[in-house]
2 protein chains.
Amino acid sequence: MKIIIAGAGAMGSRFGLMLHQAKNDVILIDGWQEHIDLIKQNGLKANFNGEEIVENISIYHQNDVSSVDFSADLVILFTKAMQLDGMMQSINNMVGENTKVLCLLNGIGHEDVIKKYVPLSNIILGNTMWTAGLEGPGKAKLFGNGSIDLQNLGTDGKEAAEEVIEVLNVANLNAKYSDNILSSIYKKACVNGTMNGLCTILDSNMAGFGETDVADDIVEAIVSEFAAVAERENATLNVPEVLAQIKTCYNRETIGLHHPSMYQDLIINNRLTEIDYINGAIVRKGKEYGIETPYCSFLTQLVHAKEQILGAK
Amino acid sequence: MKIIIAGAGAMGSRFGLMLHQAKNDVILIDGWQEHIDLIKQNGLKANFNGEEIVENISIYHQNDVSSVDFSADLVILFTKAMQLDGMMQSINNMVGENTKVLCLLNGIGHEDVIKKYVPLSNIILGNTMWTAGLEGPGKAKLFGNGSIDLQNLGTDGKEAAEEVIEVLNVANLNAKYSDNILSSIYKKACVNGTMNGLCTILDSNMAGFGETDVADDIVEAIVSEFAAVAERENATLNVPEVLAQIKTCYNRETIGLHHPSMYQDLIINNRLTEIDYINGAIVRKGKEYGIETPYCSFLTQLVHAKEQILGAK
């Protein structure tokens, strides 16, 4: 299958590498010049479950793909949320009327961007439990196991989704069909929509926040806003189950002493955050549906204030 | 007049000193042992508009006043908000049925505590524009001019309020009667209810926050909650005027580069904040009146989370 990995960071590198190993025709597209140059020179390097490997995969800068002749059967989207629209524009000439587009970005509402470029029946939404890291430009660090749930967004795209599942499974990516992918996406977004913004604003790890006596009240208020919006999209959230999952983040024995990714982005690396695609998406959808979302709104504003105070870019 | 200054920090020292200079019979009551010991030894020292002075005023620890024989005509309250109830209990045997109690604390809703101990007709609420600092225990730093607005809380206490105004004015404290003290108190609380919590949570000075592109939206949301609660207490707020006053805090040429007092308390000195008596009071009153106050609620929770994460005491 001819596959574009659009966004070849840590996760994109994992998917590109595994799909390439499974004999698909894969190209990577990214916007990080140093990373691109090294992969062009040396191939994509990886520490893959402890083994040092190199996979020779074509890679292009997204500003430099207009002359690339590649009619994709499948695009897998792995950009940062704020880069999605630009990426869709960049790859537009490689996306035909039969190209399936699988979105595996964190956050919610990305389909609103994608459907500007792709018919609904070709859009597939997914949720992945794989992890991945970069050791530096040109080299990924890929450990452990994962899985993917996915579902076609349009009513008539199930066959295409199942075809994609087969390709992913040949590459050992453990994909399976979901009858309710939106619920999984919202559930994951609830974890990100609490831990990310709150730990960033409070300059805290997850345990530090979770052990305060206001944590439950704050988390419940935020999750109830996500649930109300999700309900309107027929994506029912089991709120007690979501709250229980969030509480597992507070465990000092497992991940509680970690800072979530938004904290890494803003506080450690001084980068703009994806808050507009997590809590901010709930605010936008809430306005559309006439649902009050003050906690998501205030948290989104506070994170934007912090970005500006710190001069993040 | 026999006057108790209940809470003899910076502002209490100013009022105690000026009222003592005006030949009133003043005693100071406080809870800070080192400060009390030095004032007992050396008198209350002050740099008073550039002049080094000493005023010999009696001072007692609030846990040590049960045997003090002093029937107060007037109590002026200057404690931290969270210490008010304890102070009212401590001085209870010096407060008779004719003792007037003037509350000059920052924040709102203190009358709910005071009226547990004092009849409504003896309670006077005030708002002061005086400033004061401490150079250290036992020594105040008092510069510039100020004023006080005050009003009786009960319907039949105006005469008493005017008597208190006269005593304050003899001591050059520039007091005047207000027909709507609650509005002034709410207006001041709006400044504190935005700058204090927001700069504390965002680890920012006032200009830094004010220059973000979300500042106006956040401030308007918070002030509108204060205004809705104030309205129910017949304390109408002129919202555009309040917003304009808050914006003066952002001016880098004047006070914009300062951190507000709550930031000093929590971030610099690791002390618990007065948030429950500012935004937290709006939440409590909002519940009572059936008014939604999500921004004040979330901000109060965030400040409490920060207190606990930092181990403030």
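The rules we used
- Residues numbered from 1 in each chain as written.
- Chains lettered and ligands numbered in written order.
- Predicted model: local features only at pLDDT ≥ 70, side-chain atom pairs only at ≥ 80, totals over all residues.
- Heavy atoms only, no water.
- Helix = DSSP H or I, 4+ residues; strand = E, 2+ residues; numbered from the N terminus.
- Polar contact = N/O pair within 3.5 Å; in protein donor to acceptor, adjacent residues only side chain to side chain.
- Contact = heavy atoms within 4.5 Å.
- Buried area = accessible area lost by both parts, 1.4 Å probe.
- Salt bridge = Lys/Arg side-chain N within 4 Å of Asp/Glu carboxyl O.
- Pairing = 2+ DSSP bridges.
- Axes fitted to C-alpha atoms, helices over the stretch in contact; angles between N-to-C directions.
- Domains from an automatic or database assignment.
- Least-squares fit on C-alpha atoms with pLDDT ≥ 70 in both.
- Buried < 20%, exposed > 50% of the residue type's maximum accessible area, 1.4 Å probe, protein only.
- UniProt positions renumbered as here; feature names shortened; annotations may be inferred.
- Arc of directions from axis to C-beta.
- Parallel < 35°, antiparallel > 145°, perpendicular 65-115°, else oblique.
- Nonpolar A, V, L, I, M, F, W, Y, C, P; charged D, E, K, R; others polar.

This part takes up the side chain of Asn 279 of chain A. Residues and elements named next belong to chain A. Topologically, Asn 279 is positioned in helix α11 (residues 279-289). Among the polar contacts made by the side chain of Asn 279, one reaches the main-chain carbonyl oxygen of Gly 193 at a distance of 2.8 Å. Aside from chain neighbours lying at most four places away, what touches Asn 279 is Gly 193, Ile 222, Phe 226, Cys 296, Leu 299 and Thr 300.

Moving on: the interface of chain B and chain A. Size of an interface, as often reported, equals the accessible area lost when the parts are brought together. The interface of chain B with chain A comprises 26 residues on the first partner and 26 residues on the second. When chain B packs against chain A, the two sides together hide about 2,200 Å² of surface, and 72% of this comes from carbon and sulfur. If you sort the residues of chain B by the area they bury against chain A, Leu 202, Tyr 295 and Phe 298 of chain B come out on top, with a joint share of 29%. Taken together, the connections running from chain B to chain A amount to zero salt bridges. Here chain B is connected to chain A by 10 residue pairs in polar contact (both at pLDDT 80 or more). Elements that contribute at least two residues to the side of chain B that touches chain A include exactly α6 (181-202), α7 (206-210), α8 (215-232) and α12 (294-309) of chain B.

All names here are of chain B. The strand order across the open sheet formed by four strands is β4-β3-β10-β9, and the pairing between neighbours is mixed. In this open sheet, the two strands that pair with only one neighbour each are β4 (51-55) and β9 (133-136). Shown here is a sheet whose adjacent strand axes are inclined to one another by a mean of 30°, direction ignored.

Turning our eyes to something else, we now look at the domain arrangement of chain A. Residue and element names in this part refer to chain A. Entries for chain A in the domain assignment read domain 1 (2-177) and domain 2 (181-310). The C-alpha centroid of domain 2 is placed 26 Å from the C-alpha centroid of domain 1. The interface is formed by 17 residues belonging to domain 1 together with 18 residues belonging to domain 2. Summing both sides of the interface, domain 1 and domain 2 together bury roughly 1,500 Å²; the carbon and sulfur share of this comes to 59%. At the surface where domain 1 touches domain 2, the tally comes to one salt bridge. On inspection of domain 1 and its partner domain 2, the count reaches eight residue pairs in polar contact (both at pLDDT 80 or more). At the level of elements, α4 (111-114), β8 (123-128) and β11 (148-152) are the ones that each hand at least two residues to the side of domain 1 that touches domain 2. Considering each element in turn, the side of domain 1 that touches domain 2 owes the most residues, four residues, to β8.

The subject of this paragraph is the relation of the copies chain B and chain A. Between the two copies, chain B and chain A, the superposition gives an RMSD of 0.0 Å; the rotation angle is 180° and the shift along the axis is 0.0 Å. Seen this way, the second copy is the image of the first under a two-fold rotation axis. Taking C-alpha positions as the reference, the residue of chain B nearest the rotation axis is Pro 294 of chain B, at 3.1 Å.

This part covers the pattern of salt bridges. Going through the model one piece at a time under the given rule, you end up with 22 salt bridges over all chains. With a shortest N-O distance of 3.6 Å, Asp 216 of chain A and Lys 247 of chain A are connected by a salt bridge. Of the two residues, Asp 216 of chain A is situated in helix α8 (residues 215-232) and Lys 247 of chain A in helix α9 (residues 239-248); the sequence distance between them amounts to 31 residues. Between Asp 25 of chain B and Lys 2 of chain B there is a salt bridge, with its nearest N and O atoms 3.3 Å apart. Of this pair, Asp 25 of chain B sits in strand β2 (residues 25-30) while Lys 2 of chain B sits in strand β1 (residues 2-6), placing them 23 residues apart in sequence. Note on Asp 25 of chain B: relative accessible area 37%, which makes it partly exposed.

Right, let's talk about the UniProt feature "domain: Ketopantoate reductase C-terminal" (unreviewed entry) in chain A for a bit. UniProt records the feature "domain: Ketopantoate reductase C-terminal" (unreviewed entry) for residues 180-307 of chain A in the present numbering. Secondary structure content for residues 180-307 of chain A is 69% helix and 0% strand, while the C-alpha to C-alpha distance between its ends is 34 Å.

All right, on to helix α9 (residues 239-248) of chain B then. Residue and element names in this part refer to chain B. For α9, the set of buried residues is Val 242, Leu 243 and Ile 246. Relative to the axis of α9, the buried residues are bounded by an arc of 100° and lie together on one face. Buried residues belonging to α9 abut α6 and α8.

All names here are of chain B. It is at 10 Å that the axes of helix α10 (residues 261-268) and α12 come closest, and there the two elements cross at 30°. One finds that α10 runs roughly parallel with respect to α12. Contacts from Met 262, Leu 266 and Ile 267 of α10 reach α12 at Val 303, Lys 306 and Glu 307. Here the contact of α10 with α12 is composed, by residue class, of four nonpolar, no polar and two charged.

Time to look at the pairing of strand β4 (residues 51-55) of chain A. Moving residue by residue along a regular strand, the side chains alternate between the two faces of the sheet. Residues and elements named next belong to chain A. As paired elements, strand β3 (residues 44-48) and β4 share five bridges and run antiparallel to each other. What sits directly across from Ala 46, in β4, is Ile 53. Adjacent in sequence and paired antiparallel, β3 and β4 are bridged by two residues, among which Asn 49 carries a positive phi angle near 55°.

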